[in-house]
Each structure stands twice: as structure tokens, then as C-alpha cells.
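Each chain, written out:
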Amino acid sequence: MEYYLGITQTIGVHTLLGLSAYVLLLTGQLSLAQVGFFAIGSYVSGILTVIFGWHILPALLVGALVAGFFAFLVGFPALRVKGLMLVVATIAFSEIVRLVFFNVNWRVEVNGLEVGPDSTQGFREIRYFAANGWEQAHVVLLIWLIVILVMVLLWWLDKVRAGAVLRAVGEDELAAQSSGVNLTMVKVAAMTGGGVIAGIAGGLFAHSTTYVDHHTFSILLATFAVSYPILGGLKNVLGTLMAVIFIQGFIIEGLRFMGDYRNILFGLLIIVAMNFRPQGLVDGNFTSDLRKLLRMNQKRGGIDA
Amino acid sequence: MLSIENLSTSYGLIRALKGVSLTAEDGKVTCILGPNGAGKTTLLFTAAGILKPSSGSVKFDGAELAGSSAPRILQQGLALVPENRLVFPQMSVRDNLLAGAYIRHRSEATEIAEDLENMFDRFPVLKEREEQTAGTLSGGEQQMLSVARALMSRPKMLLLDEPSLGLAPLIVDEIFSIIRQMNNDGISILLVEQNAVKALEVADHFYLLDQGKVAFSGTPGEMANDDVIKRAYLGEH
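Scoring rules and cut-offs
- Residues numbered from 1 in each chain as written.
- Chains lettered and ligands numbered in written order.
- Predicted model: local features only at pLDDT ≥ 70, side-chain atom pairs only at ≥ 80, totals over all residues.
- Heavy atoms only, no water.
- Pairing = 2+ DSSP bridges.
- Helix = DSSP H or I, 4+ residues; strand = E, 2+ residues; numbered from the N terminus.
- Axes fitted to C-alpha atoms, helices over the stretch in contact; angles between N-to-C directions.
- Contact = heavy atoms within 4.5 Å.
- Left-handed = near helix turned anticlockwise from the far one by under 90°.
- Nonpolar A, V, L, I, M, F, W, Y, C, P; charged D, E, K, R; others polar.
- Salt bridge = Lys/Arg side-chain N within 4 Å of Asp/Glu carboxyl O.
- Buried < 20%, exposed > 50% of the residue type's maximum accessible area, 1.4 Å probe, protein only.
- Core = buried A, V, L, I, M, F, W, Y, C linked by side-chain atoms within 4.5 Å.
- Phe/Tyr/Trp six-rings, centres within 6.5 Å; stacked < 30°, edge-to-face > 60°.
- Lys NZ or Arg CZ within 6 Å of the ring centre and 35° of its normal.
- Polar contact = N/O pair within 3.5 Å; in protein donor to acceptor, adjacent residues only side chain to side chain.
- Buried area = accessible area lost by both parts, 1.4 Å probe.

(A) View of the sheet that holds strand β5 (residues 63–64) of chain B. Residues and elements named next belong to chain B. Read across the sheet, four strands follow the order β2-β1-β4-β5 without closing on themselves; strand pairing throughout is antiparallel. Lying at the two open borders of the sheet, with one neighbouring strand each, are β2 (14–24) and β5. Two elements, strand β1 (residues 2–11) and strand β4 (residues 55–60), share five bridges in a ladder whose sense is antiparallel. Considered in β4, the bridge of serine 8 is made with serine 55.

(B) The sheet that holds strand β10 (residues 213–218) of chain B, seen in detail. Residues and elements named next belong to chain B. On the basis of which strands lie adjacent, the open sheet formed by six strands has the order β6-β7-β8-β3-β9-β10 and mixed pairing. Edge positions in the sheet fall to β6 (78–81) and β10, since each has one partner strand and no second. With strand direction ignored, the average angle separating the axes of adjacent strands in the sheet is 20 degrees. Note: β6 against strand β7 (residues 157–161), four bridges, orientation parallel. When the sheet's bridge partners are listed, valine 81 is paired in β7 with leucine 160. Helix α1 (residues 40–48) rests against β3 (29–33), β6, β7, β8 (188–192) and β9 (205–210) of the sheet, and its axis sits at about 150 degrees to β7. Packed on one face of the sheet, helix α6 (residues 139–151) meets β6 and β7 and runs near 165 degrees to β6.

(C) The pairing of β9(B), seen in detail. All names here are of chain B. By the bridge criterion, four bridges tie β3 to β9 in an arrangement that is parallel. Following the sheet pairing, isoleucine 32 is matched in β9 by tyrosine 207. Pairing geometry for β9 and β10, over five bridges, is antiparallel. Bridging from a neighbouring strand, leucine 209 pairs with valine 214 of β10. Counted between consecutive antiparallel strands, the loop separating β9 from β10 contains two residues, among which glutamine 211 sits at a positive phi close to 50 degrees.

(D) View of the pairing of β4(B). Residue and element names in this part refer to chain B. In the sheet, β4 pairs with β5 via two bridges, with the strands oriented antiparallel. Residue pairing for β5: lysine 59 is matched across the bridge by glutamate 64. Where β4 folds back on β5, the antiparallel hairpin that results is connected by two residues, among which aspartate 61 adopts a positive phi of roughly 50 degrees.

(E) Structural view of the packing of helix α3 (residues 93–100) of chain B against α6(B). Residues and elements named next belong to chain B. The contact between α3 and α6 brings their axes to 6 Å, and the two run at 35 degrees. As for the relative orientation of α3 and α6, their crossing is right-handed in sense. Here Val93, Asn96, Leu97 and Gly100 of α3 lie close against α6, whose contacting residues are Leu145, Ala148 and Arg149. Taken together, the residues that form the contact of α3 with α6 break down as four nonpolar, two polar and one charged.

(F) Structural context of the pattern of salt bridges. All names here are of chain A. A full pass over the atoms with the stated rule returns 18 salt bridges over all chains. In this structure, glutamate 253 and arginine 256 form a salt bridge, with 2.8 Å as the shortest nitrogen-oxygen distance. In this structure glutamate 253 comes out as buried when scored by relative accessible area, which is 15%. The exposure class of arginine 256 is partly exposed, given its relative accessible area of 45%.

(G) Quick peek at the nonpolar core. Of all hydrophobic cores here, the largest spans 155 residues; its most connected members are Leu2(B), Leu158(B) and Met182(B). In this structure, Met182(B) is in contact with Arg122(B), Val147(B), Leu151(B), Leu158(B), Leu160(B), Ile187(B) and Ile189(B), ignoring residues within four places of it in sequence. If you look at the next biggest cluster of nonpolar residues, it comprises 13 residues, including Tyr228(A), Val244(A), Phe266(A) and Ala273(A).

(H) Molecular detail of the packing of aromatic side chains. Across all of its chains, the model carries 16 aromatic pairs over all chains by this definition. Taken together, a centroid distance of 6.0 Å and an interplanar angle of 25 degrees make the contact between Phe224(A) and Tyr228(A) stacked. Here the residue Phe224(A) and the residue Tyr228(A) both occupy positions in helix α10 (residues 219–232), the gap between them amounting to four residues, near one helical turn. For Phe224(A), a relative accessible area of 7% corresponds to the buried category. Since its relative accessible area comes to 0%, Tyr228(A) is described here as buried. The structure contains a cluster of three or more aromatic residues connected by ring pairs, namely Phe38(A), Tyr43(A), Phe101(A), Phe123(A), Phe205(A) and Phe217(A). A cation over an aromatic ring shows up here: Arg149(B) above the ring of Phe88(B), its NZ or CZ 5.0 Å from the ring centre.

(I) Layout of the side chain of Thr46(B). All names here are of chain B. Following the sequence through the fold, threonine 46 ends up in helix α1. A polar side-chain atom of threonine 46 sits 3.1 Å from a polar atom in the side chain of threonine 9. Once residues lying within four places of it in the same chain are set aside, the contact partners of threonine 46 are Leu7, Thr9, Leu17, Leu51, Lys52 and Pro53.

(J) Structural context of α1(B). Residues and elements named next belong to chain B. Burial analysis of α1 places eight of its nine residues in the buried class, the great majority of the element. Looking at α1, one finds that the buried residues are Lys40, Thr42, Leu43, Leu44, Phe45, Thr46, Ala47 and Ala48. Following α1 by one or two positions, glycine 49 adopts a phi angle in the positive range, close to 85 degrees.

(K) Examining unusual backbone geometry more closely. All names here are of chain B. With a phi close to 50 degrees, aspartate 61 is a non-glycine residue in the positive phi region. As for its placement among the helices and strands, aspartate 61 is situated in the loop between β4 and β5. The phi dihedral of arginine 154 is positive, around 55 degrees, even though this residue is not glycine. Note that arginine 154 resides in the loop between α6 and β7.

(L) Quick look at the interface of chain B and chain A. Contacts between chain B and chain A engage 20 residues on the former and 16 residues on the latter. Contact between chain B and chain A buries roughly 1,600 Å² in total, counting both sides, with carbon and sulfur atoms accounting for 64%. Where chain B meets chain A, there are zero salt bridges. The interface formed by chain B and chain A includes two residue pairs in polar contact (both at pLDDT 80 or more). Of all the elements in the fold, those that place two or more residues in the side of chain B that touches chain A are α2 (70–75) and α3 of chain B. For the side of chain B that touches chain A, the element with the highest residue contribution is α2(B), accounting for three residues. Of the residues contributing to the side of chain B that touches chain A, the split by class is 15 nonpolar, two polar and three charged.

Structural data, given as C-alpha cells:
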């Protein structure tokens, strides 16, 4: 049971990470900076609960806001570069963040124990949940409440003007501009929003695993973050969720016996998906098929009754 | 009236516009001719606020627009129809048109709906394709869609960048008759064209842009009689 709850947590955290990249992909920006924002979120909220003894919720919020603030700052230089150059620039950002935390040493004695980030040794003992009597199921509940909240928010965003504006910029920047869309504002807002979501994911991750170090925030994680929405498709948020369940639940956990071969499989999966379903798993046809299927079932149900 | 004075725009070290001055009168069709690389698109982009000029002024109905943002300039009534008919390929025709009304206020919902119907009247082919994604339209239909999308902002003046580019002669005729029709409806037009023969049919005034400068300015009559232009653009020897 513990094991499955653990996987559920991982899937929740990765879904948030994937959604943070999803927001940016809507505007056509492929960013590997999400792992940097994730790292900021986890260190900031971890420091707040461990060293300052904050409650988890305000700590998560502040972690997310700080990550969002850095994303806002990254948003401006990111406006100047596109495509591959943006990928390179955002990798550079994530590496800077990783190396900064690699060097952060802030040890404080709290209740007779020395705690806090210990540079190369990482940030251990982020034990808010255990110390406050949370059971693992509660943690799962917290993570998934936040996941659902973010998904509903992004779903709603797509039903209103703001979502259309994000997609318009993603489809054609020039056409969007000549329709009166403020490109700077939209791109920076998307980057900031993505940063906030990644920051929450980071905070949840640090507290649910109780331990983070610089290895956690590798480029591999950034690659995962963008591959979820790319594999899942940008039609809606469900694609990202399905991709995370498939990759984390099936490839990474389900095929654990395959060891490092899973990484080859992951790479292979991306190549196969790009060739056969470049628009992602969940596209317009998929959703309309799903609707048809549901309607058919309803009809049958009607006849039987 | 749009009056551009001494406008210069650079891409890094390359000066694409070197002090261009021209005016586009209200209710008229003003046409800018010029070879590739003359700075025609740069000029329209600068006027529309997509590029920022390094010096000079762009005045529209008395208001200084040089250096303003693209949304602000659109709000002043100057709408750009970019080259290569840049529609939103994954959005439906209807959504593309609504995107054109992006800057208009929510309280105008009824007017926007009326304008949408007007566009469908003016471009019946768009009505047939209302729910189709714009990427599936033919080149000519996409051009009509991008013109219609710009009209949805209710502009006073349209900046049309090579609307005939890559279209079959019959479609080009159709596009030009639409240009004339829009002009008759009171919309001023600043048209960038390579097809000088067609432009002669609609334009009231011509400018020739060459290497970032205005090389010629005159009426259609004067243009048709200019030897250089005749040779370069009208194909007469």
C-alpha cells in the first residue's frame, strides 16, 4: 500500500511539473527551466518549514511565489530567443539554479538538531509531514487536491479569452500581434504562471520525499517535464495527466525490473510518438471519439432501461 | 490620414529604412511598390508597431504612433494584414474572425456578432467554412480570412502586405475587387504590392521604395508614364 501511495504522489508531482511546461508550450515556448523553478520551490518551502517552522501551506505558497518571481525575470530575456536557442538558454538557467543550491550551506540548530541545506550533502530531513503526524494518505490527498485545482484552473483558462490568447501566440506570433495581442505580456505571464506551478510541485516533492539534492534537479527531470505535454498533446490538460500516468506509472515503475533499459524505452517512446502521433495522445479526434463513445453508452443504457 | 516622416528602422546594423517619408490620404488607396528587400514589409511592420523605428515619426489622424505597441496602434484604427496570410491554422474560421475583434470591448458583443455576420456576407466562402480549421483553407480563402480578421477590429485604415502573393490570377482579381469594395465602404488602404498592373486598377497614389528610400512618388498616370517603372514593373520595353 505504502508503495502505491508513493507512486501516486510521484504521479501527482510530475503532473504539476508537466502542466507547468504545458502552459509554456501553449505559447510555443519549449522551456527546460521548469526544473529550475521546481528546485527553487522545493528549497524555499523546505527552508521555511524546517528552519522557520512554518505551516506547510504558506510555505508552499511562498515557494511558488518565489519560483514565479524568478520565472517572471527569466521571461524577459526568453522573449528574445526562440526554439533551440530558448532550450539552451533555459538549460543554462536550470544549471545555474542547480549549482547555486549545490553550494547553499545554511545549517541551523532547531530543537537540538542541526538542520537545513548542507551544500553537497543536499537538503535532508524535510520532515514536516512526519513531525506533524500526517499519514501518507493525507499527503497524497494534499498533492492531488492541488493537482486537481491546477487542472481545473487550466481547463477553465482554455474556455475563456486568456486561453485563446495563449494558443494564438503559440500558433502565430505575428498574426497574434497584428490582432492586437501584447506578445510581451502573454509570454511573460505564461512563463510566470508556469514558474508558480513548478514551484508548488517542487515544494510538494521536497516534503513528500523529505530529501532533495542537486542530483534531483538534473536536466533529465526537465526533459520529463516537457515530454509529458508533448506526448500527451496540447489539446487539453488530460493529455499531460495521461502521459505522466503512462510514463511514471508504467514505464518507470511498472517496468522497474528492466533497470536502466527503461531510459532507452523512454527515448524510443518519444521517437515513436513523434512519428505516429505528432499531435500527442489526446487530440481533437480523441476527444470527439470519447464523446461519441459516451453518447453511445448513454443510448444503449436508455434502450435497456 | 497616415503620415510617415523620415522613418528609419534597423535590424541590428542593417538599416532597412533610411528616412522614408510618405502619406496615405483618408478614403484613398495608396500603393507602395518596390523590389524584394526594398523595405516594404519593414515599413508596414514599423507603422503597425511590430518593429520599433530608430528615428522618425508615424502620425495617424494627428496622433504620434512611432514606438507605440502593436495593440495600441491597432486601437488607433490602423490594422495590419501581414504577408503570407498568417491565419491561426488550428483555430476555426469563426475563431480566427473573433480573434480579430480581440481589442474590442466586451460590451460590444452584439456589434461584434453583427460584424461577424457582415464578414460572412462579404466573404460567403468563409461562411461555408465557418467551423473548419483555418489551416485547411486554400491560399485565396486564407487571404480573405486574414483580411476579414483585420476588418473585425473596425479599422480606419488597413495596411495590406502583398495580398496577391502566390495566388492564381482569378483569385488575385477577386482580392483586388474586395480591396476596391472596402475602399468604397470608406476604409483607407495602404497597399504593398509587386503586381503593379493590378495595383494600377485600384490605387490613387503610388510610391516606389528602393533600398530603404522613396525613389518615386506620383499618381497612377505619372507612374504609368515613368520609363524606369515601366521597364521594371509593368514589363514594357
